[in-house]
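Summary of structural features
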Amino acid sequence: MDFLLQHGVTVFGQWISIAELAGQVLALAVVFLADRRTLWTWPVQVGATILLFSVYVSAHLGGLASRQIAILAISLYGWWAWRRRTDPVNGVVVRTARATERWAMLGAFVVGTAAMALVLQALNASWAPWPDAAIFIGTLVAFGAQGAGLVEFWGVWLVVDAIGVPLQISSGLYFSAAIYLVFAVLVVHGWWNWNRSAKRVAAHRAVTAASS
């Protein structure tokens, strides 16, 4: 892994390690694959997780590094959950979250961010503990909701992107910041696509229920 961190390329005057380049490209591919609700979303995410863990450790971003470990566990859950939720007609079945689920997501984000920021401060594990913590918790909430097939996970990703871009720039990870901007475009499209699919599935179920 040291080789991937110590060697890289220069793009527009900015040096980028191979680990950061490959990790962010794979992370970008994950968003593309999630939009299409393919099971390949999760193994590709595992690869991105391993590479980006090394990048964030070297940049002294404890929250971003720690979240890669949690993402690995959630990716395994998501892989398992999507295999169980595959429909021969609609592919991976998705739906909009219930009101209680939305409040639970919001509560987890707010409380989790505060708790994680205090931990990062206590351990001196990050020079920007609050945005670092928000990205950490937001990522967990987003991946958890994605694994459950909830359309709202795309909205959580937009929040993560909004926080992540300035943090990446301040950390000197300009390529990662640019990738986050591309994420935002793909996230908006993914939100639209999943919402359309959720409505189609709901309508199909309503027709089936009415005819039974």
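Report on the accompanying structure. Treat the numbers as computed from the prediction; the structure is a model and nothing was measured.

The rules behind each value
- One numbering rule holds for all chains: residues counted from 1, following each sequence as written.
- Where local features are concerned, this predicted model is filtered to residues with pLDDT of at least 70; where side-chain atom pairs are given and counted, the filter is 80 or more; whole-chain, interface and lining totals use all residues.
- Side-chain metrics rest on all non-hydrogen atoms present in the structure, leaving aside hydrogens and water.
- Elements are defined by DSSP. Helices are runs of H or I of four residues or more, strands are runs of E of two residues or more, and each kind is numbered from the N terminus.
- When accessible area is computed with a 1.4 Å probe and restricted to protein chains, residues below 20% of their type maximum are described as buried, those above 50% as exposed, and intermediate ones as partly exposed.
- Contact between two residues is taken to exist if any of their heavy atoms lie within 4.5 Å; hydrogens are not considered.
- Accessible areas in this description were obtained via Shrake-Rupley with a 1.4 Å probe; residue shielding takes into account the shown protein chains only.
- Whenever two N or O atoms come within 3.5 Å, that pair is a polar contact, provided that in protein one can donate a hydrogen and the other can accept it, and provided that, for residues adjacent in sequence, both atoms are side-chain atoms.
- Each reported salt bridge corresponds to a side-chain nitrogen of Lys or Arg within 4 Å of a carboxyl oxygen of Asp or Glu.

1. Here we look at the overall build of the chain
Along its length, the chain carries eight helices and four strands. Its helices and strands taken in sequence order, the chain reads α-β-β-α-α-α-β-β-α-α-α-α from the N to the C terminus. In the chain, which comprises 212 residues, the proportion classed as buried is 46%. Considering only intrachain contacts with a sequence separation of at least 6, the fraction spanning at least 24 residues in the chain is 68%. Counting only carbon and sulfur atoms, one obtains 71% of the accessible surface of the chain, whose full area is about 10,400 Å².

2. Remarks on the side chain of D35
You can see D35 is positioned in helix α2 (residues 18–35). Among the residues examined, D35 registers a relative accessible area of 4% and is labelled buried. Within the local environment of D35, its side chain forms a polar contact with the side chain of H189, the two groups lying 2.6 Å apart. With residues near it in sequence (within four places) discarded, D35 still touches W154, H189, G190, N193 and W194.

3. Points about the pattern of salt bridges
Oppositely charged side chains may form a pair once their charged atoms are brought near each other. Using the criterion set out here, one finds four salt bridges in the structure. The closest approach of N and O atoms between D35 and R36, which form a salt bridge, is 3.6 Å. Across the salt bridge formed by R102 and E152, the nearest N and O atoms sit 2.8 Å from each other. Highlighted residues: R102 in helix α5 (residues 99–123) and E152 in the loop between α6 (129–147) and α7 (153–170), separated in sequence by 50 residues. With a relative accessible area of 44%, R102 lands in the partly exposed category. Residue classification places E152 among the buried positions, given a relative accessible area of 14%. Taken together, the shared-partner salt bridges in this structure form one network comprising R95, R98 and E101.

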